[in-house]
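Structure at a glance
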Amino acid sequence: MLIWPSSAIISLFENKLLTDDRIPVVKFLDGKIGLLLPSLGFWLQLAILLIAQSLMAVFFAVFIFKFVIPKRGTNQALLLGLGVVLPTTLMFPFEAIKCLGIRARNRVMMMSLTSQPTLLSFRIFEAIFGTSPAGVESSLRNYCIYHATTLECTIDEQTKRPMKVAKGDVYMKIRSTLISLFLLIALLSGTMPSFAPFDVRVPAHTLDHYFSDLFHLGHLANNYISAGTVIL
């Protein structure tokens, strides 16, 4: 019997990733600067969460396609969509955090759990009110692909199937993404977490502050410089 979440999956989340215990593989400047390899545990956990959300999206896509779309314009569609699918979708991140023991300090993991529930919230309204993109409701296969992917797919008007991306475009996108990733890693490694050229009233990365502290000139200047550097 398949039980979610299984003990094998839960065991992969035993490492809460609250401390960075990696050892530099290469050191420079008498050990002041080191090169760390990516954390395998982090990427494995992130991949599991993303795959689980895609599977959840496919499940809801089948349900919506079979029971909501055929009843569009009726109270039954509103009841199933807004009374069953939408609340269940919004509950998923909280249940996953509780079952897997994800800590509040692990913001990346928690943010990753919001992608599909957010998209599904909008797509259930599309299904209820008939505003889905052209072609996605032409078949169950297309509708599952539409729900499972974060980026919206384009349906060919003649074949009624998702349009394929040219291999050259895929290679160019992978290349540009990897270049941006390495540049961002180098940038954040050199400026974070202590990058704050202007004095602030409270330490960075803390929630122990007043709302007015967010508008302190030093705090705003530090954030603008960080954001501008990332954009460059």
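Residues numbered from 1 in each chain as written. Predicted model: local features only at pLDDT ≥ 70, side-chain atom pairs only at ≥ 80, totals over all residues. Heavy atoms only, no water.

Helices and strands together make up the secondary structure of the chain, namely eight helices and two strands. Across the chain, helices and strands are ordered from the amino to the carboxyl terminus as α-β-β-α-α-α-α-α-α-α. Sequence-distant contacts, at least 24 apart, represent 58% of the contacts inside the chain between residues at least 6 apart. Summed over its atoms, the accessible surface of the chain is roughly 16,500 Å², and 68% of this surface lies on carbon and sulfur atoms. (Helix = DSSP H or I, 4+ residues; strand = E, 2+ residues; numbered from the N terminus. Contact = heavy atoms within 4.5 Å. Areas by Shrake-Rupley, 256 points an atom, 1.4 Å probe, with all protein chains shown as cover.)

As a further point, take the side chain of N222. Tracing the chain through its elements places N222 in helix α8 (residues 217–231). With a relative accessible area of 7%, N222 lands in the buried category. Among the polar contacts listed, one links the side chain of N222 to the backbone oxygen of F198, at a separation of 2.9 Å. Excluding anything up to four places from it in sequence, N222 contacts A196, P197, F198 and V200. (Buried < 20%, exposed > 50% of the residue type's maximum accessible area, 1.4 Å probe, protein only. Polar contact = N/O pair within 3.5 Å; in protein donor to acceptor, adjacent residues only side chain to side chain.)

All right, on to helix α3 (residues 75–100) then. Here α3 spans 36 Å end to end across 26 residues, near enough to the 38 Å set by a 1.5 Å rise per residue. Of all the bends in α3, the greatest, near 35°, is centred on F92, and the proline P93 appears no more than four residues after it. Buried positions along α3 lie against α1 (7–12), α2 (40–68), α4 (107–112) and α5 (115–129). Directly beyond the C-terminal end of α3, a positive phi value near 70° is found at G101. (Expected span 1.5 Å × (residues − 1). Bend = angle between axes of the 7 residues up to and from the residue.)

Time to look at a nonpolar patch on the surface. There is a patch of nonpolar side chains on the surface, built from V165, V170, Y171, I174, L178, L181, F182 and I185 and spanning about 770 Å² of accessible area. Within the fold, L181 resides in helix α7 (residues 167–191). Classification of L181 by relative accessible area gives partly exposed; the value is 36%. (Patch = residues over 30% accessible without salt bridge, like charges linked within 9 Å, V, L, I, M, F, W, Y side chains within 5 Å. Salt bridge = Lys/Arg side-chain N within 4 Å of Asp/Glu carboxyl O.)

This brings us to the nonpolar core. L49, I64, V68, I102, L113, I124 and Y143 are the most contacted members of the largest nonpolar core, which totals 34 residues. Sorting the residues of this core by element identifies α2, α3, α5 and α6 (140–148) as the ones contributing at least two each. With residues up to four places along the chain from it excluded, the contact list for I64 reads I69, P70, V85, I124, A127, Y143 and H147. (Core = buried A, V, L, I, M, F, W, Y, C linked by side-chain atoms within 4.5 Å.)

So, on to the packing of α2 against α5. Helix-helix packing is described using two parameters, namely the angle between the two axes and the distance between the axes. Close contact between α2 and α5 brings their axes to 11 Å; oriented N to C, the two are set at 10°. One element, α2, and the other, α5, form an angle in the roughly parallel class. Here Q53, S54, M56, A57, F60, I64 and V68 of α2 come into contact with α5, specifically with S115, Q116, P117, L120, I124, A127 and I128. Considered class by class, the residues forming the contact of α2 with α5 number 10 nonpolar, four polar and no charged. (Axes fitted to C-alpha atoms, helices over the stretch in contact; angles between N-to-C directions. Parallel < 35°, antiparallel > 145°, perpendicular 65-115°, else oblique. Nonpolar A, V, L, I, M, F, W, Y, C, P; charged D, E, K, R; others polar.)

On to the packing of aromatic side chains. In this structure the tally under the stated criterion is six aromatic pairs. Between F125 and F129, the ring centres sit 6.3 Å apart and the planes meet at 5°, which makes this aromatic pair stacked. Taken together, the residues F125 and F129, both in helix α5 and four residues apart, mark about one turn of the helix. Look at F125 and you get partly exposed, because its relative accessible area is 35%. On the basis of relative accessibility, which here comes to 53%, the residue F129 falls in the exposed class. For the ring pair Y143 and Y146, a centre distance of 6.4 Å and an interplane angle of 40° mean the geometry is tilted. Separated by three residues within a single helix, Y143 and Y146 lie in helix α6, roughly one turn from each other. The two residues Y143 and Y146 agree in class, both being buried. By way of ring pairs, the aromatic residues F65, Y143 and Y146 are connected into one cluster. (Phe/Tyr/Trp six-rings, centres within 6.5 Å; stacked < 30°, edge-to-face > 60°.)

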